[in-house]
Amino acid sequence: MESKIAFGGARSGTGPATWGQSAIWDVVRNLGDDTARYNVGGGLPIDPPLPPGHLAGLVRTLLLRHDSLRTTLRRDGERLEQVVAAAGAVPLHARECGPDDVVETAYALYPELQALPFDAERELPVRVGVVTSGGLVRYLILSLSHTASDGWGLRNLLVVAAALAGGRPLAAGERLQPLEEAALQTSPQGRRRDAAARRAWLDRLRRGPASQFPARAGRPPAAAFPNAVLNSPALGLALDRVAADIEVHQSAVLLAAAAGAAGALGGAPDAVFQVVVNNRFRPGMAGAVNTIAQEGLLLLPGSAAGFPDLVRRTFGAALSAQRHAYYDKLALARDIAGLDAPADHSCFVNDVRGLMPILGYARPAAEPLAAARERTTLSWPVEHAPRRDTTFALDIQDAPGSLELALTADAAVLPRPDMERFLYGIEDLIVSHALALV
C-alpha cells in the first residue's frame, strides 16, 4: 500500500545550491535509474507503537523542522538553485504483518525503498516506510536522496524521530538550514574558507606519489569491482587498547593501519587517502540534516619508525585533512584538471562507526584477543559496477559484537588476493600491537 503524507505552512525560499548539493547533483545527474545507489536510508523500531495518524504527525514535524527534506534543485542558466517548498506531500509505503514478523518485514521493505531513484528537480527528496501490526506502527524507515542528506545527517534525523516517537523533548542543537548554509558559503568568509581548502588540496596533490600501486599503474579498470567484508571481533577489542596506549583518536589508528597495509601492497612510500569528514564540528552544523560531509585529502609521508609513530603522524595529518574538507568541489575539480601530474587520489576511506546508535550494536564481548581473532571472517557479498577514478573505497562500520572493514576495489589494481591481504593487514597491525601491550 502506498499513500501520501501532506504538509503545509513551512518555510520556503529559493537560492544558490550548497556545495554539497552541487557535488551530489554533478555525480548523479547522468546516472538515470542508477542514482538509487546514492540514496541514504535507515530506520528504527517504534516502541511503544503509535497509531498511523500519530506517525504521520511525527513525519510532518520532521519535514517542517528540516528544510533539506522539502528541497528540490533546478538549473537556472549556469547556476544550480535550491527551491524549498512551503507545502507538498511525500510518499508513504506501508506493510502490515504479524507481531513476530516486524523486523523481518522492515528489513525487506528497506531495500525496496532504497532501490527507488529520486528526481532531484521534480520530487521531494524523502520517502517514508512503515511496518504496522495490529493497526499500530511498529517500525519507521526513512529513505532520502543524497542531495538532501548524508549519513551523519540521517543519524541526526533518526535521533529526532526517536525522541518524537518516545514523547521525549528534542535536544537543543544548532541546525543550519540549506539556504542559510548557501548564504554562508557565498559570503566573504565562505569564499576565503573555500580558497584555503582548495589551496591545501592542490599543495598535497603536487607532493604526493603519482601512483600508490605503481606496478599496476595505467591499467584499464576491471569490468566489476568486488566487495570484500572482514568481520573482526578482535579488531573491535584491540582498537580501544591501541588508541588509549598511543593517546590518539581511534580513527587515527584505523587510518594508520590502512596506510601501512596499502604501502605493504603497493610499495609507494607515501599514502594519499580521500577521507570522508562529517563537518558537523563547524558552527551551526551539529544538528544539521543537510548534505555537509565532504572528503578531506590526507597525505601521509612514509616512515619506517614503527606503528606507534605512524599512528601519531596520521593523527596530525588527519586533523589537517579535516580542517580543509569544506569547499566547492566542482571548483576544486577544475583546479585539479589544471595540474600537470596530480598525485594519485583514487583511494577513499570512510569511517561510519556510530552512525546508527539507535540500532544499539553490542560492543565486542570481553575475551582474550587471540581467541577473538580466531573468529575473524571474510566474505564477498556483492560485485559493484566500475567506479570512476577509484582504486579502492574502504568503509569502516559497526557490526553486532564486532567491527567490519568493507572494501570495494578495482580488481585490475587490487585482485582479490591483494584485497584479502589488505584487509587482514589492517587487522594484523592493530591487533598485534594490542597483543604486545598485554
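The following refers to the structure shown. (Residues numbered from 1 in each chain as written. Predicted model: local features only at pLDDT ≥ 70, side-chain atom pairs only at ≥ 80, totals over all residues. Heavy atoms only, no water.)

## Observations concerning the sheet that holds strand 5 (residues 79-84)
If you trace the 3 strands from one edge of the open sheet to the other, you get 2-5-4, paired in antiparallel fashion. Looking at strand neighbours, the two that pair on one side only are strand 2 (13-16) and strand 4 (71-76), the edges of this open sheet. Geometrically, the sheet is characterised by an average inter-axis angle of 30° between neighbouring strands, direction not taken into account. Contacts from helix 5 (residues 178-186) reach strand 2 and strand 5, with the element oriented near 30° to strand 2. (Pairing = 2+ DSSP bridges. Helix = DSSP H or I, 4+ residues; strand = E, 2+ residues; numbered from the N terminus. Axes fitted to C-alpha atoms, helices over the stretch in contact; angles between N-to-C directions. Contact = heavy atoms within 4.5 Å.)

## Looking at the pairing of strand 11 (residues 294-300)
Strand 11 sits mainly inside the fold: 7 of its 7 residues count as buried. Two elements, strand 10 (residues 271-277) and strand 11, share 7 bridges in a ladder whose sense is antiparallel. When the sheet's bridge partners are listed, Val276 is paired in strand 11 with Glu295. (Buried < 20%, exposed > 50% of the residue type's maximum accessible area, 1.4 Å probe, protein only.)

## With respect to the side chain of Asp194
Of note, Asp194 is situated in helix 6 (residues 188-207). When its relative accessible area of 8% is taken as the criterion, Asp194 is described as buried. Discounting chain neighbours no more than four positions away, the residues touching Asp194 are Trp19, Tyr326, Tyr327 and Asp328.

## Some details on the environment of Ala106
Looking at the element boundaries, Ala106 is found in helix 3 (residues 102-114). With residues near it in sequence (within four places) discarded, Ala106 still touches Val131, Tyr139 and Ile141.

## What about unusual backbone geometry?
Residue Pro48 is bonded to the preceding Asp47 through a cis peptide linkage, with omega at 5°. Along the chain, Pro48 falls in strand 3 (residues 40-50). Even without being a glycine, Glu247 presents a positive backbone phi close to 65°. Along the chain, Glu247 falls in the loop between helix 7 (233-246) and helix 8 (250-266). Taking the relative accessible area as the measure of exposure, Glu247 reaches 70% and is therefore exposed. Non-glycine residue Asn279 carries a positive phi angle of around 65°. Checked against the element boundaries, Asn279 lands in the loop between strand 10 and strand 11. On the basis of relative accessibility, which here comes to 0%, the residue Asn279 falls in the buried class.

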